[in-house]
Amino acid sequence: MAAYASNAYKYDIESFEIHSSAAPEIKKEPKRAPLKKVAPRTNKELHAEEVRGLKKSAFLLCFVLVIFGVVALQISASAERYELIREIQQVEALLEIEKSENIRLSSELNGITGIAAVDNYATEILGMTKVENYQIECIDLSGGDAVIYSSSVKGD
């Protein structure tokens, strides 16, 4: 047993025991300041406090309504802005169509009113000819402003 005793470790058994008392520890609450005695308020004071509360509530309600109104106006303005943008885009699309139609009609008009087209219309459809030099007659008006025209028309 001696060998056993030499290899044995000595333990302090008391260190493994849980030391507890039978009664649990009670934590002490911090001491509060003693409550002050408040004098009872009169009806006038209670009424004044109630009126202040109502005023605060009314102000808060008005504030909420104003905020709601602003948000509603923002939404309405955004919707109207969207509609106006869409309408502007439609009008711009129509304007582009009308511009292309204007270009087409202008080129058609230039084709019709060109010198060659007018000359062709005058000679072929109206039967006109170009003026020749012998058809031009000059009148001398250096003698005055009066022109006497006489015709030999035989009476009826």
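An account of the accompanying structure is given in this report. Bear in mind that the values here come from a model prediction, so they are computed numbers and not experimental data.

### Side note on the pattern of salt bridges
Close approach of charged atoms allows side chains of opposite charge to pair. In the structure shown here, the tally under the stated rule is four salt bridges. Of the charged contacts, one joins Glu101 and Arg104 as a salt bridge, the two residues approaching to 2.6 Å between their closest N and O atoms. Taken together, the residues span about one helical turn, with Glu101 and Arg104 both in helix H2 (residues 43-112) at a distance of three residues. For Glu101, a relative accessible area of 32% translates into the label partly exposed. Here Glu108 ties to Arg104 by a salt bridge, and the two come within 3.0 Å at their closest N and O atoms. Note that Glu108 and Arg104 are positioned in helix H2 at a spacing of four residues, about one turn of the helix. The class for Glu108 is partly exposed, based on a relative accessible area of 40%. By relative accessible area, Arg104 is classed as partly exposed at 40%. Through salt bridges with shared partners, one network takes in Glu101, Arg104 and Glu108.

About the criteria used
Residues numbered from 1 in each chain as written. Predicted model: local features only at pLDDT ≥ 70, side-chain atom pairs only at ≥ 80, totals over all residues. Heavy atoms only, no water. Salt bridge = Lys/Arg side-chain N within 4 Å of Asp/Glu carboxyl O. Helix = DSSP H or I, 4+ residues; strand = E, 2+ residues; numbered from the N terminus. Buried < 20%, exposed > 50% of the residue type's maximum accessible area, 1.4 Å probe, protein only.

By themselves, these figures tell us nothing about what the structure is for.
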